[in-house]
Amino acid sequence: MIILVVNAGSSSLKYQLINMDDESVIAKGNCDRIGIDGHISHKTFDGRKFEQDCSFPTHTEAFEKLVETLTTGDAAVIKSMSEISAVGHRIVQGADVFDRSVLVTEEIIDKIDDLRELAPVHNHGHALALRACTKVIPEGTPQVVVFDTAFHQTMPPKAYMFGLPYEDYEKLHVRKYGFHGTSHRFVSAALAKAMGRDIKDLKIVSCHLGNGSSITAVDGGKSVDTTMGFTPLDGVIMGTRSGAVDPSAVTYVASKHGFTPEEMSEYLNKKSGFLGISGVSSDNRDIIAASNEGNKRAALVNEMLTYEIKKYIGGFAAAMNGLDAVLFTGGIGENEALVRKMACEDMDFLGIKLDDKINESTRGETIRISSPDSKVEVWIVPTNEELLIARDTLALISK
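To keep things clear, this report deals only with the structure shown in the data block.

Rules behind the numbers
- Residues numbered from 1 in each chain as written.
- Predicted model: local features only at pLDDT ≥ 70, side-chain atom pairs only at ≥ 80, totals over all residues.
- Heavy atoms only, no water.
- Phe/Tyr/Trp six-rings, centres within 6.5 Å; stacked < 30°, edge-to-face > 60°.
- Buried < 20%, exposed > 50% of the residue type's maximum accessible area, 1.4 Å probe, protein only.
- Helix = DSSP H or I, 4+ residues; strand = E, 2+ residues; numbered from the N terminus.
- Pairing = 2+ DSSP bridges.
- Contact = heavy atoms within 4.5 Å.
- Axes fitted to C-alpha atoms, helices over the stretch in contact; angles between N-to-C directions.
- Polar contact = N/O pair within 3.5 Å; in protein donor to acceptor, adjacent residues only side chain to side chain.

How two aromatic rings sit relative to each other is given by the distance of their centres and the angle of their planes. Enumeration according to the criterion identifies 6 aromatic pairs in this entry. Centroid distance phenylalanine 259 to tyrosine 267: 5.0 Å. Interplanar angle 55°. Geometry classified as tilted. The exposure class of phenylalanine 259 is partly exposed, given its relative accessible area of 25%. Tyrosine 267 gets classed as partly exposed once you look at its relative accessible area, which sits at 28%. On the basis of an interplanar angle of 40° and a centroid distance of 5.7 Å, the ring pair of tyrosine 312 and phenylalanine 316 is categorised as tilted. Placement of the pair is tyrosine 312 and phenylalanine 316 together in helix α11 (residues 296–320), with a separation of 4 residues, close to one helical turn. A relative accessible area of 5% places phenylalanine 316 in the buried class. In textbook terms, an aromatic cluster arises when at least three aromatic residues are bridged by ring pairs, as seen for Tyr160, Tyr166 and Tyr169.

Below is the structure:
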């Protein structure tokens, strides 16, 4: 059975074609710069590549090019779209409307679009992509939507409520939603399997660290708290996002710069974080390189990031009344030994001890990096959100 997994943004459409018989990737690519000029990059499982500048006025043209690339030319992998059993879509914001993956209907698309105010960069693009996909795939091909926020719908009110008047929650739906849920769900389940334990018996702190980062407390397989909040801006410092900031500091800076709310949002989301503190880059690899060359502001970025990770590990251990494992995933979490080391050092009181040799020599594979006498196990677990989306899609269409 073959499933197409789609991750659509406002101006991009990333995809993977997955053979669910062995969960192998047949092909993957990206239709980029939708609504601007357009470009497609495509790669097959056997190393064939295809790139082309295209005209993508809307998501429909991008999907049409996707279909053409999969089925015709030197980089084709299937003869027709009738070979695809279903399409699975990643949706960023499901709010408190969706607590699980669902089959797509016109009503579901409307509900996703209705949530666009809560994720203006993403949800309207998702809705456009869903309608565009419906136009180009064979009639009757089922589609499934998998929500980033759904995994966090198990958080209790004490974890997701803000200290604003209750009416703002009732009327404006202002609360913590959490994000990266698809990744946290995948890696926590993969960790339990690697440990040979039932996830229902585990208390895990999952650290998804990349250009966007979030940390989640997973108790018995369920999210009970997470760092990202009403939007993905909250929590730890990130590539260009500030992370948690005193709201009074936000209003003070906005007034001093004369920013509108939209300009202040841009400042916090795209000009802060690693980039704003270091003045060097939003990429952690550049930050570490600059730090090694003696750049004190770059060194401060890693100190801030790892200090915040350390605090959340301790805080979430307290919230869960225990801790069995910490896992690192995402581009930074899987590949940057220094960040993992700094986040876990001086945590002996909590029972965390790294094996420095294994930690420093490992990247991008599922492996335990804590020492044999560490009471809390520490692991690297590569994430695979596309595979989880494909699995959810298969499970729903099989019903």
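Further notes follow.
This part covers the sheet that holds strand β3 (residues 24–32). Across the sheet, 8 strands lie side by side as β5-β4-β3-β2-β1-β6-β8-β7; this open sheet has mixed pairing. Of all the strands in the sheet, the pair left with one neighbour each is β5 (49–53) and β7 (102–103). Here strand β2 (residues 12–19) pairs with β3 via 8 bridges, running antiparallel. Within β3, the position partnered with lysine 14 by the bridge is asparagine 30. Across the sheet, helix α2 (residues 106–114) lies against β6 (84–91), β7 and β8 (143–147), angled at about 30° from β8, the strand it touches most. Its contacts with the sheet place helix α3 (residues 123–136) against β1 (2–8), β6 and β8, and it is angled at close to 170° to β6.

Before going further, it helps to examine the environment of lysine 203. Relative to the helices and strands, lysine 203 is located in strand β9 (residues 203–208). Apart from the residues within four sequence positions on either side, lysine 203 is in contact with Val218, Asp219, Met320, Asn321, Gly322, Leu323, Asp324 and Ala325. A distance of 3.4 Å separates the side chain of lysine 203 from the side chain of aspartate 219, its partner in a polar contact. Within the structure, the side chain of lysine 203 is placed 2.9 Å from the backbone oxygen of methionine 320, a separation counted as a polar contact.

With respect to the element layout, threonine 141 can be found in the loop between α3 and β8. A polar contact of 2.8 Å, which involves the side chain of threonine 141, links it to the backbone oxygen of proline 138. For threonine 141, the residues in contact, after removing those within four places along its chain, are Ile84, Ser85 and Ala86.

Limitation: the analysis is restricted to geometry and does not speak to function.
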